[in-house]
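Notes for the structure review
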Amino acid sequence: MSDLHELMARDPLTHTREDIETIIAEMRKSRHAFNAGNLRAGSTKPKTEKQKQVEKLADTLDLKIDL
Amino acid sequence: MTQPKAFDASGIQFGWDSTSIKLAEECLYKYKLKMIDGWQPETLSVHLRFGQHYATALEHYHKHIALGIDHDEAVYLVVKEALEDTWDRPICKECQGEGQLDITTEFAEENPWAGRVDKAVTPCETCNATGISAEGAPWESDHNVKTRANLIRTIIWYLEQFGKDDAVSTLILSDGVPAVEHSFALPVDNGIVFAGHLDRLGVYAGDPYVQDQKTTGATITQRYFEGFNPDTQMSMYTFAGKVAYGIPVKGVIIDAAQIAVGFSRFERGFTFRVEAQLNEWYDHTMYHIEVARKATRENFFPMNRSSCGNYGGCEFRDICSRAPSVREQFLKAKYIRGPRWDPLTPR
């Protein structure tokens, strides 16, 4: 799956339906996380390398961490 | 410079929207700079652009729903549209936005007696005759929170909260058309026309309202909503809803969105207008309009120096602080004279 920031940076005329649905799904997910108490969940700033590494590690270990 | 439709042949404004009424109420000198002379910042205000894309997306969502499209599909359509609208494409460098090349004439070789004939125009292949470059880039906002990504987030989050289970339903007009995205031009007294654009007319708890979308960086409190009474835009909307559409509109539902770095938060507020308030607003507004028309006729636009510091300071404060003889030079350095704001041009 493409990273949200990579998708947003892409020319929208090249977006497939799946790309846009991914953006919507990611944004919905961040709203749920925000409502659950993560006040930074909706941040659209690109993730740092460190955050990406932690996320990758969390995926590998099957942990649920909202960054 | 082309004369906007809202001005008569002698340059006097007869078509008035809430933007121009507010200018006339606020300061006649500012009214002159913006409405008569057409001075404007080189780039559209980030707040204006963000607000326009946001309002358009929600208007179109309600239109899709009223036409029978389901929620998820309507969300998909407006997000797609917003992504495309916020991708800035320059004009084609090859055809300079014309979409065609070789607009030349030449002698017909086979029959010189026929004189000059127009050579066929070649569609520009670089831009596929669109005049717009295939290249482009996402809208780069210079604001820390009113960004393209946060716009998309705000649209999606708003529709998550108010889309499916909205207590406000779109009002269907007597001709069967959903009351969404309606521009109005309403002739009133003395040859004046009130004009504007309503995002949506909705029904809440059995009563009709105009619905309007606002965005802000601040926390939304009751005080925020109290700021809309008195308010020319909200009175104008209620007046137009009542008179232009013949509907007993009670006021305006304001859906306000707080845009922050990590979230978008929404609050719904109401501002009501009773008949007597609207009558008073009408009389006062007609007075301000007449004053602005008189100022234009006499070319005398006095400043209202008491309003220079309002709302964080007037955008022209720096200009007005200069001696009259040098203001034009400072205006040319900081502003452009683009197409003038025309209240009678429908959105």
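Reading the values: rules and limits
- Residues numbered from 1 in each chain as written.
- Chains lettered and ligands numbered in written order.
- Predicted model: local features only at pLDDT ≥ 70, side-chain atom pairs only at ≥ 80, totals over all residues.
- Helix = DSSP H or I, 4+ residues; strand = E, 2+ residues; numbered from the N terminus.
- Buried ≥ 20, exposed ≤ 12 C-beta atoms within 10 Å, placed from the backbone.
- Contact = placed C-beta atoms within 7 Å.
- pLDDT = per-residue confidence, 0-100.
- Expected span 1.5 Å × (residues − 1).
- Nonpolar A, V, L, I, M, F, W, Y, C, P; charged D, E, K, R; others polar.
- Core = buried A, V, L, I, M, F, W, Y, C linked by C-beta atoms within 7 Å.
- Axes fitted to C-alpha atoms, helices over the stretch in contact; angles between N-to-C directions.
- Parallel < 35°, antiparallel > 145°, perpendicular 65-115°, else oblique.
- Left-handed = near helix turned anticlockwise from the far one by under 90°.

**Comments concerning the overall build of chain B**
Scanning chain B for helices and strands turns up 10 helices and 15 strands. Along the first, second and third principal axes, the C-alpha set of chain B runs to 80 × 55 × 45 Å. Out of the 347 residues belonging to chain B, those deemed buried represent 31%. Here the analysis covers contacts within chain B between residues at least 6 apart in sequence; of these, 71% occur between residues at least 24 apart.

**Some points on the overall build of chain A**
Within chain A, the secondary structure is distributed over three helices and zero strands. Across chain A, helices and strands are ordered from the amino to the carboxyl terminus as α-α-α. In terms of principal-axis extent, the alpha carbons of chain A reach across some 35 × 25 × 20 Å. Within chain A, the fraction of its 67 residues that count as buried is 18%.

**Digging into the confidence of the model for chain B**
The share of residues in chain B with pLDDT of 70 or more is 95%, and the mean pLDDT across the chain is 92. Two summary scores accompany this predicted model of the complex, namely pTM at 0.87 and ipTM at 0.84.

**Section: helix α7 (residues 232-245) of chain B**
Residue and element names in this part refer to chain B. A rise of 1.5 Å per residue sets the reference length of α7, with its 14 residues, at 20 Å; its end C-alpha atoms lie 19 Å apart and thus fit the reference within 8%. Buried residues dominate α7, accounting for 10 of its 14 residues. Of the positions making up α7, those classed as buried are T232, M234, S235, M236, Y237, T238, F239, A240, G241 and Y245.

**Observations concerning the environment of P187 of chain B**
Residues and elements named next belong to chain B. As for its position among the elements, P187 is in strand β10 (residues 180-187). For P187, a count of 10 C-beta atoms within 10 Å translates into the label exposed. For the pair P187 and A167, spaced 20 residues apart in sequence, the C-alpha to C-alpha distance is 33 Å.

**Here we look at the interface of chain A and chain B**
Facing the 19 residues of chain A at the interface are 21 residues of chain B. Tallying contributions element by element places helix α2 (residues 17-35) of chain A first for the side of chain A that touches chain B, with eight residues. Residue classes in the side of chain A that touches chain B are distributed as 10 nonpolar, four polar and five charged.

**So, the nonpolar core**
V79, I152, I155 and I156 of chain B are the most contacted members of the largest nonpolar core, which totals 63 residues. Counting residues per element, this core draws most heavily on helix α5 (residues 148-162) of chain B, at eight residues.

**Description of the packing of helix α1 (residues 18-26) of chain B against helix α2 (residues 28-36) of chain B**
Residue and element names in this part refer to chain B. Interaxial distance between α1 and α2 falls to 6 Å at its minimum, and their mutual angle equals 140°. Here α1 is positioned oblique relative to α2, judged by the angle of their axes. Seen along the crossing, α1 lies across α2 with a hand that is left-handed. In this structure, α1 contributes S20, L23, A24 and E26 to the contact, and α2 contributes L28, K30, Y31, K34 and M35.

**Quick look at α1 of chain B**
Looking at α1 of chain B, one finds that the buried residues are S18, S20, I21, L23 and A24 of chain B. Turning to α1 of chain B, the residues buried within the fold contact β1 (15-16), α2, β11 (193-204), α7 and α8 (275-298) of chain B.

**Thoughts on unusual backbone geometry**
Residue and element names in this part refer to chain B. In this model, N229 is joined to P230 through a cis peptide bond whose omega is 0°. Examined against the element boundaries, P230 turns out to sit in the loop between α6 (222-226) and α7. Of note in this structure, N128 is not a glycine but carries a positive phi near 60°. Within the secondary structure, N128 is located in the loop between β7 (122-123) and β8 (137-138). At A205, a position not held by glycine, the phi torsion is positive, near 50°.

**A look at the environment of N310 of chain B**
Relative to the elements of secondary structure, N310 of chain B occurs in the loop between α8 and α9 (317-320). The sequence separation of N310 of chain B and E26 of chain B amounts to 284 residues, and the corresponding C-alpha distance is 9.5 Å.

**Looking at the packing of α2 of chain A against α5 of chain B**
Taken N-terminus to C-terminus, the directions of α2 of chain A and α5 of chain B make an angle of 70°; their axes are 9 Å apart at the nearest point. Classed by the angle they form, the pair α2 of chain A and α5 of chain B counts as roughly perpendicular. For the pair α2 of chain A and α5 of chain B, the crossing hand works out as right-handed. On α5 of chain B, the residues touching I23, I24, M27, R28 and R31 of chain A of α2 of chain A are I152, R153, I156, W157 and E160 of chain B.

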